[in-house]
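Structural characterization, general
Read off the chains here:
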Amino acid sequence: MQSAVLFKAVSRLYGDVRAVDAVDLDVRAGEFFAMLGPSGSGKTTSLRLIAGFELPTAGEIEIFGESAKGVPPYRRNVNTVFQDYALFPHMSVRDNVAYGLMIAGMGKKQRHAKAEETLELVRLPGYGDRAPSALSGGQRQRVALARALVNQPKVLLLDEPLGALDLKLREQMQEELKSLQQSLGITFIFVTHDQGEALSMADRVAVFNQGQVQQVGTPEEIYQRPDTPFVADFVGSSNVLPAELVRELTGVAAPASLRPEAIRIGQGEAHAATVNSLSYTGAVTKLGLQFRQIQLSALVPAGMPVPERGTSVAIGWDRTALHMMGQGK
Ligand code: ADP
Ligand code: MG
């Protein structure tokens, strides 16, 4: 499949800080690609490198097969939805959306028609005359989206666009963004520190840590078969068993991940553990278990008997539930 954005050993250093550290990436045309990682892991810098607001210290970036070297931001066919929306407060919604078209020299009537069309696309028809200050947070988000989509970029970069919204609205926007991406067929590169958001929205996810990409894969691959302890831990709070313990259990000395939902609890299971914490969350109760030298987390579905804190329980798992990993970087 055609590459939309290709990173070849791209680095961006700020003094001693390796904000982006020898990253290789291949974002395919038309995919919904998520960059997932904790704060400071290099996600925003990666987006800024694609947009052309930053230049690599080393390595090469290609956009649709062409080197981005020397290509200024406005000629990259890439637009950004910024984290803080960055709307112009003194301009109407219509003029905000039409801004890029005005800069490109399009006449007033035509650009206003385009703006209205794009406002319909983001479900804000008829909002053109309003000031940004007269909109809710969710509506401002849509205006920022419309502004970035109006000149039909080939790649849309979204930097934590839903971070400021409350949970209900965020979930609604997640679905809308996903269906918008599918209907437009534009490549979306979506930055988030929320693993649930990345897993539910993206076709593929790149997991960032300290400027490096630790794994790229489908949500299922990332979740079921993490490459490193960091990925296992960051994507869905898996249990990470240290190599020494895995060697005692299986004979193979490698760290392994074990999903909380893969742990069975009840008579007849192979191992002894002690329940040292319980937290009820509705659909499941989370158990903290002391198992040999480590702490494990396990889940008990609603309606199943929950053991008491301080008691000893038998636990077990399928052999295949233990996923062996490399040590990571
Ligand atoms: P993220 O978006 O994943 O939170 P960033 O890409 O913003 O991470 O930052 C990665 C690292 O680079 C951080 O340590 C950050 O402090 C540093 N950094 C980012 N931009 C600059 C800059 N302009 N000057 C110095 N350091 C920067
Ligand atoms: Mg950021």
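Treat the numbers as computed from the prediction; the structure is a model and nothing was measured.

Here is what the cut-offs are and how they apply
Residues numbered from 1 in each chain as written. Chains lettered and ligands numbered in written order. Predicted model: local features only at pLDDT ≥ 70, side-chain atom pairs only at ≥ 80, totals over all residues. Heavy atoms only, no water. Near = heavy atom within 4 Å. Polar contact = N/O pair within 3.5 Å; in protein donor to acceptor, adjacent residues only side chain to side chain. Areas by Shrake-Rupley, 256 points an atom, 1.4 Å probe, with all protein chains shown as cover. Helix = DSSP H or I, 4+ residues; strand = E, 2+ residues; numbered from the N terminus. Domains from an automatic or database assignment. Contact = heavy atoms within 4.5 Å. Salt bridge = Lys/Arg side-chain N within 4 Å of Asp/Glu carboxyl O. Nonpolar A, V, L, I, M, F, W, Y, C, P; charged D, E, K, R; others polar. Pairing = 2+ DSSP bridges. Expected span 1.5 Å × (residues − 1). Buried < 20%, exposed > 50% of the residue type's maximum accessible area, 1.4 Å probe, protein only. Core = buried A, V, L, I, M, F, W, Y, C linked by side-chain atoms within 4.5 Å. Axes fitted to C-alpha atoms, helices over the stretch in contact; angles between N-to-C directions. Parallel < 35°, antiparallel > 145°, perpendicular 65-115°, else oblique. Left-handed = near helix turned anticlockwise from the far one by under 90°.

What surrounds ligand 1 is the set Tyr14, Val17, Ala19, Pro38, Ser39, Gly40, Ser41, Gly42, Lys43, Thr44 and Thr45. For ligand 1, an oxygen atom lies 3.1 Å from a polar atom in the backbone of Ser41. In the complex, the protein chains occlude 60% of the 560 Å² of accessible area that ligand 1 would expose alone. Sorting the residues of the shell around ligand 1 by element identifies β2 (17–28) and α1 (43–51) as the ones contributing at least two each. Ranked by the residues each element gives to the shell around ligand 1, the list is headed by α1, at 3 residues.

Right, let's get into the domain arrangement of the protein chain. When the parts come together, some accessible area is lost, and that loss is often what is quoted as the size of the interface. When the domains of the protein chain are assigned, the result is domain 1 (3–226) and domain 2 (237–324). For domain 1 and domain 2, the distance between their C-alpha centres works out to 39 Å. In this assembly, 5 residues from domain 1 lie in contact with 4 residues from domain 2. One can count 0 salt bridges joining domain 1 with domain 2. Counting the contacts that link domain 1 with domain 2 gives 3 residue pairs in polar contact (both at pLDDT 80 or more). Class assignment of the residues belonging to the side of domain 1 that touches domain 2 gives a composition of 3 nonpolar, 1 polar and 1 charged.

Turning next to the pairing of strand β4 (residues 58–63). Two strands pair when backbone bridges link them, and strand β1 (residues 3–14) and β4 are joined in this way by 5 bridges, in the antiparallel orientation. Pairing of Phe7 across the sheet is with Ile61, part of β4. The pairing of β4 with strand β5 (residues 66–67) spans 2 bridges and is antiparallel. Bridge pairing in β5 places Glu62 opposite Ser67.

So, about the sheet that holds strand β14 (residues 271–280). Pairing within the open sheet is antiparallel, and its 5 strands lie in the order β13-β17-β14-β15-β16. Only two strands of the sheet have a single partner each, and these edge strands are β13 (264–265) and β16 (294–301). Bridge analysis of β13 against strand β17 (residues 312–316) gives 2 bridges, and the strand direction is antiparallel. Paired with Ile265 across the two strands is Ile315, which belongs to β17.

An ideal rise of 1.5 Å per residue puts 18 Å on 13 residues; helix α4 (residues 137–149) measures up with 19 Å between its terminal C-alpha atoms. Burial analysis of α4 places 11 of its 13 residues in the buried class, the great majority of the element. For α4, the set of buried residues is Gly138, Gln139, Gln141, Arg142, Val143, Ala144, Leu145, Ala146, Arg147, Ala148 and Leu149. Those residues of α4 that are buried are in contact with β6 (78–81), α2 (93–103), α3 (108–121), β7 (155–159) and α5 (167–184).

This brings us to the nonpolar core. One finds Val97, Leu145, Leu156, Leu158, Leu177 and Val205 to be the most contacted residues of the largest nonpolar core, which totals 41 residues. If you tally residues by element for this core, the top one is α4, at 6 residues. In this view, Val205 contacts Ala34, Leu36, Ala198, Gln215, Val216, Gly217, Pro219 and Ile222; residues no more than four positions away in its chain are not counted. In terms of nonpolar packing, the next biggest core, distinct from the first, is built from 26 residues, Ala51, Ile61, Ile189 and Val191 among them.

This part is about the packing of α2 against α3. Each packed pair of helices is defined by two parameters, the angle between the axes and the distance between the axes. Relative to each other, α2 and α3 sit at 120°, their axes nearing to 9 Å. When the axis of α2 is compared with that of α3, the two are oblique. Here α2 runs over α3; the crossing is right-handed. The residues of α3 that touch α2, namely those facing Val93, Arg94, Asp95, Val97, Ala98, Leu101 and Met102, are Arg111, His112, Lys114, Ala115, Thr118 and Leu119. In terms of residue class, the contact of α2 with α3 is made up of 7 nonpolar, 2 polar and 4 charged.

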